Amino acid sequence: MAVASSDTAIRTGRVTRTFLYLVLLLFALFYMLPLYVMLVNSVKPLSEITGGGMMSLPQTWTVEPWTKAWNTAQIGVESTGLAPYFWNSIKMVVPAVAISTILGALNGYVLTKWRFKYDTILFGLMLFACFIPFQMVLIPMATVLGKLGLAGTTTGLVLVHVVYGIGFSTLYFRNYYAAFPTELVRAAQIDGAGFFQIFWRILLPSSGPITVVCVIWQFTNIWNDFLFGASFAAGNAQPMTVALNNLVQSSTGVKEYNVHFAGAILAALPTLLVYIVAGRYFVRGLMAGSVKG
Amino acid sequence: MGFLDIDNATKSYGAVEVLHKVDISVEEGEFLVLVGPSGCGKSTLLNMIAGLEEITSGEIRIKDAVMNGVHPSKRNIAMVFQSYALYPNMSVGQNITFGLEMHGTPKDDREKALADVSKLLQIEQLLDRKPGQLSGGQRQRVAMGRALVRNPDVFLFDEPLSNLDAKLRVDMRTEIKKLHQKLGTTIVYVTHDQIEALTLSTRIAVMNGGYVQQLGTPKEIYDNPANLFVATFMGSPSMNLLDVKVRANGNAIFADTTNGAGEKVSLTFTNPSETLKSYDGTTITLGIRPEAITDPEGADHRSTHVEKVENTVTVTEPAGSDTFVTTTFGGKDCIARMRADTEAKAGQRVPFAINMEKAVAFDPKSEARIG
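The following paragraphs examine the structure supplied in this document. Remember, it's a predicted structure, so these values are computed and weren't measured experimentally.

Things to note about the interface of chain A and chain B
Counting from both sides, the interface comprises 15 residues of chain A and, opposite them, 27 residues of chain B. A combined buried area of about 1,800 Å² lies between chain A and chain B, and 58% of that area is made up of carbon and sulfur atoms. Applying the counting rule to chain A against chain B returns 2 salt bridges. In this assembly, chain A and chain B are joined by 8 residue pairs in polar contact (both at pLDDT 80 or more). Of all the elements in the fold, those that place two or more residues in the side of chain A that touches chain B are helix H8 (182-191) and helix H9 (195-203) of chain A. Element by element, the count of residues in the side of chain A that touches chain B is highest for H8(A), at 8 residues. Grouping the amino acids of the side of chain A that touches chain B by side-chain chemistry returns 7 nonpolar, 4 polar and 4 charged.

As for a nonpolar patch on the surface
On the surface, a cluster of nonpolar side chains totalling about 630 Å² of accessible area is made up of Leu33(A), Tyr36(A), Met54(A), Met55(A), Leu57(A) and Trp61(A). Turning to its location among the elements, Met55(A) is positioned in the loop between helix H2 (46-50) and helix H3 (64-72).

Focus on the pattern of salt bridges
Residue and element names in this part refer to chain B. Enumeration according to the criterion identifies 27 salt bridges over all chains in this entry. Residue Glu111 pairs with Lys107 through a salt bridge whose shortest N-O separation is 3.5 Å. With Glu111 and Lys107 both in helix H3 (residues 107-120) and 4 residues apart, this pair spans about one turn of that helix. Each of Asp5, Asp7, Glu59 and Arg61 takes part in one network of salt bridges that share partners.

With respect to empty space enclosed by the protein
Applying the stated criterion across every chain, the model contains 3 cavities of 30 Å³ or more. Counted as a void, the largest cavity has a volume near 80 Å³. Along its surface, the largest cavity is lined by Met144(B), Ala147(B), Leu148(B), Phe155(B), Phe157(B), Ile176(B), Leu179(B), His180(B), Leu183(B), Thr185(B) and Ile187(B). Breaking the lining of the largest cavity down by element, the ones donating at least two residues are helix H4 (136-148), strand E7 (154-158) and helix H5 (166-183) of chain B. The dominant element in the lining of the largest cavity, judged by the number of residues it contributes, is H5(B), at 4 residues. Here the second largest cavity is characterised by a volume of approximately 60 Å³. Along the walls of the second largest cavity sit Ala187(A), Ile190(A), Asp191(A), Ala78(B), Met79(B), Phe81(B), Arg146(B), Ala147(B) and Arg150(B), which together make up its complete lining. Put simply, the parts of the chain that give the lining of the second largest cavity at least two residues each are H8 of chain A together with strand E6 (77-80) and H4 of chain B. Residue contributions to the lining of the second largest cavity peak at 3 residues, all from H8(A). Here the residues of the lining of the second largest cavity sort into 6 nonpolar, no polar and 3 charged.

What counts, and at which threshold
- Residues numbered from 1 in each chain as written.
- Chains lettered and ligands numbered in written order.
- Predicted model: local features only at pLDDT ≥ 70, side-chain atom pairs only at ≥ 80, totals over all residues.
- Heavy atoms only, no water.
- Contact = heavy atoms within 4.5 Å.
- Buried area = accessible area lost by both parts, 1.4 Å probe.
- Salt bridge = Lys/Arg side-chain N within 4 Å of Asp/Glu carboxyl O.
- Polar contact = N/O pair within 3.5 Å; in protein donor to acceptor, adjacent residues only side chain to side chain.
- Helix = DSSP H or I, 4+ residues; strand = E, 2+ residues; numbered from the N terminus.
- Nonpolar A, V, L, I, M, F, W, Y, C, P; charged D, E, K, R; others polar.
- Patch = residues over 30% accessible without salt bridge, like charges linked within 9 Å, V, L, I, M, F, W, Y side chains within 5 Å.
- Areas by Shrake-Rupley, 256 points an atom, 1.4 Å probe, with all protein chains shown as cover.
- 1 Å grid on protein atoms, 1.4 Å probe; cavity = no way out; pocket = protein on both sides within 12 Å on 5 of 7 lines; lining within 4 Å.
- Points joined across faces, edges and corners; volume = space filled by probe spheres on them.

This is the structure:
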């Protein structure tokens, strides 16, 4: 058999091809436009924006909107900038992601390798948690947090996000471990490894891709969450998203669009960074198990 | 008391009993093969010995210690799985010593045990590789190494060769047998391959439908099958089963049938039992192995009772070392194993030599052996 070459393939005409690339380029530009507007306007003085030059490049370049958004902008009643709220978000998102991922992995391990009666029903119930709208739990959750003495604190927010996150992280890990050979667990049992040793030494080292998926998913969701942040965190404990809202929605003084744009980019940066660093594992992890390796 | 005792062990899942009162006693150094078709309960029984499945009733004892409810790691057993179950994230060396590590063996002893085992199995050059980088045969060796290194009382093998290609399977079969002869360990081995069972074992338990159909040495199983299931399951090509009519004439008992041309054929039973006499006038199933039907030149000269019958050849299948010749008795196909250079051709009428010493009779209703 001769190797198939492009000569024998159906040829796409030069014109068609050019047209194709043009359309693609157009769409790409269209999708990039908001980012362009945000970037450009965050580095020009306010006067240039109010002067009507929203699409044009800045005449005088300045980083002042960025430093102002970060350090001195008026958030609510205080002019602290977004910085403290950024750290609030970090303090919330890191433990919440870590705890929900670890619990999800443990749940997945138990639900697939230590089967017990009614385990599928239990898993179904956990899965159900993924579909409950946030708004439904606001009041009961507020009551619970109040009773626990965690109302208005970052710890309280961590708890809320962990509880909500377990549904998804369990789903990810359960499906991943379902494809993990049970014979390996049995071999380890005969070798004398205990419950946690099997998890730690056998399963976890093979869970790289799904851990990345879970971390990205949880990180993005928790970082971007506004409703829980606005409902359960008071004053100094508010996360970045709520602070950004307060910055943009402030009804006093002049609307500093350039500062708002800079603040919005700052709020989006961490999730962007996570995608760039771990993105290629994300696709790989989502595909894991779907194709025989 | 044996070395490994399976005493009336049963296994039920809910109301369904899948293993019915299995009773096997294995001596030290024995190679017991559990053989049977899929779903016969052989793997379940192995898992019960390993402690991976609970025992519903009855007892399993190793060295007279009751194993019911004892954790797999505390039974001093080792198991080789069908998929080898090598830990993908560990190197070959770590795979082999993982069990020792979990049992708290000091590092120096682990290193020494690893060196011994890898030398025995000739896998010294593979110790730093990951299982993913090994071929099927190498993985098989590593899996055996992992079992050997613990120096267990009983080795359990769960269809260890079924993932290998045909040639490698035969090679590894010989290796396992050599290893058993060298180390003299007690082995329980599960397979669905009757050739593996016959070649490897010192004793075979043929299982079907959750029952042990017959327990015995390979020769007993092959020559004296207890029932029709064992007779047809063991041996390839499988045993010929002919419908014959029993006719008693004084002390002699005949099996009457017809050849391909419709002519009457009467075979005499060798040393018929009293039970067989009571079947006078009824139709029974006569089992004859293909190698007990040959061309007259190839007949077993030590046999005291060979019957010659002329019959028409329907098909010949040359298989290199032998030629399988198909004919019909009583309208049923019957395979004879002839010499490779036999001149029998399809459609010809040729003499067949039937070694009646090897013929066995079965009750067609109960499927049990007669006599």
